[in-house]
Amino acid sequence: MFYYVLKYVVLGPLLRLAFRPRIEGLEHIPDDGAAIVAGNHLSFSDHFLMPAILKRRITFLAKAEYFTGPGIKGKLTAAFFHSIGQIPVDRSGKEAGQAAIREGLGVLSKGELLGIYPEGTRSHDGRLYKGKVGVAVMAIKAGVPVIPCAMVGTFEIQPPGQKVPRIKRVKIRFGEPLDFSRYAGLEDQKAAIRAVTDEIMYAILGLSGQEYVDEYAVKAKAAQGEESRKFPRRPR
């Protein structure tokens, strides 16, 4: 119930008024049945803007840190994400990927929309990074279409580290559903799931126009952090 109050009464109208999102390809989202919406991830605002413009409810796999913050702020954040139906996923440890896949398949088994960011984390520099294969495993196992999605302009309104987003118009583009039924039964084949993942990322790239980096975003972020520690900026 709270999800729909936020979507149609409180947060949704406010977001549409403030950011006036231009929507392209909304007809590619099915009216019913299970499907995966796979998008780029440029900003914290992405979590709210896409659900605000969709007619159907969509459930995202959210990082567990959103649900485990300390103090009153942490409890309020956790309550908010729980109330809008987001599922916490622990991204640490060997079993993290399998846990995320199980949770995602559970959403799809109910005939619902599942939202996922194949990069696994927000882009730290606005570029599109290599996708992780969990999205491919879920698409093949569940036998559902994947709708590519591109958020355009959200990095500019709220890059990493910025608490309050700038008020500026954004675009949200959905591509034609991708059918991977030809890979049925091959979810354990590395070559197959890599091919599916790369096809999804290529479709997102075509919608977003971003520069593509053939490297995982987490690794690129770590390398940038290490570089910053070695060569810290001198104060001007």
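Residues numbered from 1 in each chain as written. Predicted model: local features only at pLDDT ≥ 70, side-chain atom pairs only at ≥ 80, totals over all residues. Heavy atoms only, no water.

Novice: Break down helix 6 (residues 134-142) for me, citing the residues and quoting the values.
Specialist: Along helix 6, the residues that are buried comprise Val-135, Ala-136, Val-137, Met-138, Ala-139 and Ile-140. At the exit of helix 6 stands Gly-143, carrying a positive phi of roughly 65°. (Buried < 20%, exposed > 50% of the residue type's maximum accessible area, 1.4 Å probe, protein only. Helix = DSSP H or I, 4+ residues; strand = E, 2+ residues; numbered from the N terminus.)

Novice: Explain the nonpolar core residue by residue, including any values.
Specialist: Grouped burial of nonpolar side chains is what soluble globular proteins tend to show. Counting 30 residues, the largest nonpolar core has Ile-36, Val-146, Phe-180 and Ile-200 as the members making the most contacts within it. If you list the elements that add at least two residues to this core, you get strand 2 (35-39), strand 4 (87-89), helix 5 (96-109), strand 5 (113-116), helix 6 and helix 8 (190-208). Sequence-distant contacts of Ile-36, that is, excluding residues within four places in its chain, are made with Leu-108, Leu-114, Ile-116, Val-135, Met-138, Ala-139, Val-144, Pro-145, Val-146 and Ile-147. (Core = buried A, V, L, I, M, F, W, Y, C linked by side-chain atoms within 4.5 Å. Contact = heavy atoms within 4.5 Å.)

Novice: I'd love a proper account of the pairing of strand 3 (residues 58-63), names of residues and values included.
Specialist: Taken across its 6 residues, strand 3 has 5 buried, putting it largely inside the fold. Bridging between strand 3 and strand 5 involves 3 bridges; their strand directions are parallel. Among the inter-strand pairings, Phe-60 is bridged to a residue of strand 5, identified as Gly-115. Across 3 bridges, strand 3 lies against strand 4 in parallel orientation. Within strand 4, the residue paired with Leu-61 across the bridge is Ile-87. (Pairing = 2+ DSSP bridges.)

Novice: Outline the environment of Glu-24, listing residues and values.
Specialist: Along the chain, the position of Glu-24 falls in strand 1 (residues 22-24). Discounting chain neighbours no more than four positions away, the residues touching Glu-24 are Ile-172, Arg-173 and Phe-174.

Novice: With reference to specific residues and values, describe the sheet that holds strand 3.
Specialist: Spatial strand order, 1-8-7-2-5-3-4: 7 strands in an open sheet with mixed pairing. Of all strands in the sheet, those bounded by a partner on one side alone are strand 1 and strand 4. Adjacent strand axes in the sheet meet at a mean angle of 25°, parallel and antiparallel pairs treated alike. Running at roughly 35° to strand 7 (residues 146-152), helix 8 makes contact with strand 2, strand 7 and strand 8 (171-174) of the sheet. (Axes fitted to C-alpha atoms, helices over the stretch in contact; angles between N-to-C directions.)

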